[in-house]
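Tertiary structure, described
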Amino acid sequence: EVQLVESGGGLVQPDGSLRLSCAASGFTFSTYSMSWVRQPPGNELEWVSGISLGGRSTYYADSVKGRFTISRDNAKNTLYLQLSSLKTEDTAMYYCAKKTAPYSIASMTDLKAYDSWGQGTQVTVSS
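Attention in this report is confined to the structure presented alongside it. (Residues numbered from 1 in each chain as written. Predicted model: local features only at pLDDT ≥ 70, side-chain atom pairs only at ≥ 80, totals over all residues. Heavy atoms only, no water.)

Focus: the state of the cysteines
- One pass over the full model with this rule turns up one disulfide.
- Between the sulfur atoms of C22 and its disulfide partner C96 the distance amounts to 2.0 Å. Taking the sign of the S-S torsion, 50° for the link of C22 and C96, the bridge is right-handed. Here C96 lies in strand 9 (residues 92-99) and C22 lies in strand 3 (residues 18-25), a separation of 74 residues in the sequence. (Disulfide = S-S within 2.5 Å. Helix = DSSP H or I, 4+ residues; strand = E, 2+ residues; numbered from the N terminus.)

What follows is the structure, encoded as structure tokens:
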């Protein structure tokens, strides 16, 4: 059974930083591209960032480019998202997501390309 468990969220002031983690189990983590997605309060789910299975290629939404950094440690089956220069509009529930197809970096920004999600970790940016 695929399990994705996010952690690291919390309350942070504007311009602050957080590091999110996603512990994966139940599948061969190193063979799947992964992404972070978020859902702001009252809004739809939006793709934030993705990373290829080996970690060599990374992808970012324009709204977070230059501020967020995605990474992964395949030896630890863990996905990370470093959030910096946080803004109030970054307030959201953050989820990690597993691509449906292994060995694929196609359609990284398409939420329909993912088949498993964690329970989420809340990030609140407020002064």
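Considerations on the pattern of salt bridges
- In total, this model carries six salt bridges according to the counting rule given.
- D62 serves as the salt-bridge partner of K65, at 3.2 Å between the closest nitrogen and oxygen.
- D115 is the partner of K98 in a salt bridge, and the nearest nitrogen-oxygen pair spans 3.0 Å. On the criterion of sequence distance, the pair formed by K98 in strand 9 and D115 in strand 10 (residues 114-117) is long-range, its members being 17 residues apart.
- Judged by relative accessible area, which is 39%, D115 ranks as partly exposed. (Salt bridge = Lys/Arg side-chain N within 4 Å of Asp/Glu carboxyl O. Buried < 20%, exposed > 50% of the residue type's maximum accessible area, 1.4 Å probe, protein only.)

Some thoughts on the packing of aromatic side chains
- In this structure the tally under the stated criterion is three aromatic pairs.
- For the pair F27 and Y32, a centre-to-centre distance of 5.5 Å together with 85° between the ring planes defines the contact as edge-to-face. With respect to class, F27 is no different from Y32; both count as buried.
- Through pairs of rings, three or more aromatic residues link up here, namely F27, F29 and Y32.
- Residue placement shows R72 over the ring face of F29; its charged tip is 4.3 Å from the ring centre.
- One cation-aromatic arrangement involves K98 over F27; the distance from NZ or CZ to the ring centre is 5.6 Å. (Phe/Tyr/Trp six-rings, centres within 6.5 Å; stacked < 30°, edge-to-face > 60°. Lys NZ or Arg CZ within 6 Å of the ring centre and 35° of its normal.)

Re the sheet that holds strand 8 (residues 78-83)
- Spatial ordering of the open sheet is given by 1-3-8-7, a layout of four strands whose pairing is antiparallel. Bordering the open sheet on either side are strand 1 (3-7) and strand 7 (68-73), each of which pairs with just one other strand. Ignoring which end each strand starts from, the neighbouring axes of this sheet average 15° apart.
- In terms of strand pairing, strand 1 meets strand 3 through five bridges, oriented antiparallel. Looking at strand 3, one finds that Q3 is bridged to S25. (Pairing = 2+ DSSP bridges. Axes fitted to C-alpha atoms, helices over the stretch in contact; angles between N-to-C directions.)

Scope: geometric values only; no functional claims are made or implied.
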